[in-house]
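# Examination of the molecular architecture
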Amino acid sequence: IKPDGSGNDLTFQLKTGLGRYWESHYIMTKGDTTGKYITIPFSDFKQPTWDVYAASMDLNAMAAFAIYIGGSDHNANSVYLDNIQVVSPLVIENADTYGGENTLLQSKWSLNTGGDSATMSLDVANKAEGNAGMKLDYQLTASKGYAGLTKTLGGADYTGTTALKVWIKPDGTG
């Protein structure tokens, strides 16, 4: 992850095959633009207050993965992401799989239509490794205050995994 230095909240959301949502938050430190890996244990994922129905997260049939950004910084910002994976050899997202084709990347991620604007594109300069990382551009407004994109996981089985690991790098525009 390369945070954008805005101090905004980056939310990682998992949706189980049973339709239950689980979220974990990462606050991007104001002024921080250092790319780094973060690891979020699945035990740190909690159900949002609007979807508290399950006693524990069922990892054997994951339906979707989403990234949301919320906060009070309403400037246009960018966050860079690469190597989104569960802690095991399973990979949720690696930008190199798109062969440099932004249209292919964009066809796999859908915009949360209730939030502010966000787009995903490939970036060859900001990455953890390989040929490219992903650039998440977003513009938050005072009226909505969040933006997000979702990738369908098709019932992926994460049984036996323990955490979500993401490389992030902010752009420091804060």
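All of the points below concern the structure found in this document.

The rules behind each value
- Residues numbered from 1 in each chain as written.
- Predicted model: local features only at pLDDT ≥ 70, side-chain atom pairs only at ≥ 80, totals over all residues.
- Heavy atoms only, no water.
- Helix = DSSP H or I, 4+ residues; strand = E, 2+ residues; numbered from the N terminus.
- Rg over C-alpha atoms; globule rule 2.2 N^0.38 Å.
- Buried < 20%, exposed > 50% of the residue type's maximum accessible area, 1.4 Å probe, protein only.
- Contact = heavy atoms within 4.5 Å.
- Areas by Shrake-Rupley, 256 points an atom, 1.4 Å probe, with all protein chains shown as cover.
- Lys, Arg positive; Asp, Glu negative; His and termini not counted.
- Charge placed at Lys NZ, Arg CZ, Asp CG, Glu CD.
- Core = buried A, V, L, I, M, F, W, Y, C linked by side-chain atoms within 4.5 Å.
- Salt bridge = Lys/Arg side-chain N within 4 Å of Asp/Glu carboxyl O.

### Points about the overall build of the protein chain
Counting its secondary structure elements, the protein chain contains one helix and 11 strands. The order of α-helices and β-strands along the protein chain, N terminus first, is β-β-β-β-β-β-α-β-β-β-β-β. In summary, the protein chain has a C-alpha radius of gyration of 15 Å against a globular reference of 16 Å for 174 residues, a match within 12%. Along the three orthogonal principal directions, the C-alpha set of the protein chain runs to about 40 × 35 × 25 Å. Residues classed as buried in the protein chain amount to 48% of the 174 residues present. Relative to all contacts within the protein chain whose residues are 6 or more apart in sequence, the contacts with residues 24 or more apart total 77%. Accessible area for the protein chain stands at about 7,700 Å²; split by element, carbon and sulfur atoms hold 52% of it. Charge separation in the protein chain, taken as the distance between the mean sites of 13 positive and 18 negative side-chain charges, equals 0 Å.

### Some points on the nonpolar core
The biggest cluster of nonpolar side chains holds 41 residues, and the ones touching the most others in it are Phe12 and Phe65. Contact partners of Phe65, with chain neighbours within four places excluded, come to Phe12, Gln13, Leu14, Ile84, Ile92, Trp109, Leu149, Thr150, Lys151, Leu153 and Leu164.

### Quick look at the pattern of salt bridges
Throughout the structure, instances matching the rule amount to four salt bridges. Note that Lys36 is salt-bridged to Asp32, the shortest N-O span being 2.7 Å. Here Lys36 falls in the partly exposed class, since its relative accessible area comes to 23%. Take Asp32: its relative accessible area is 17%, and that puts it in the buried class.

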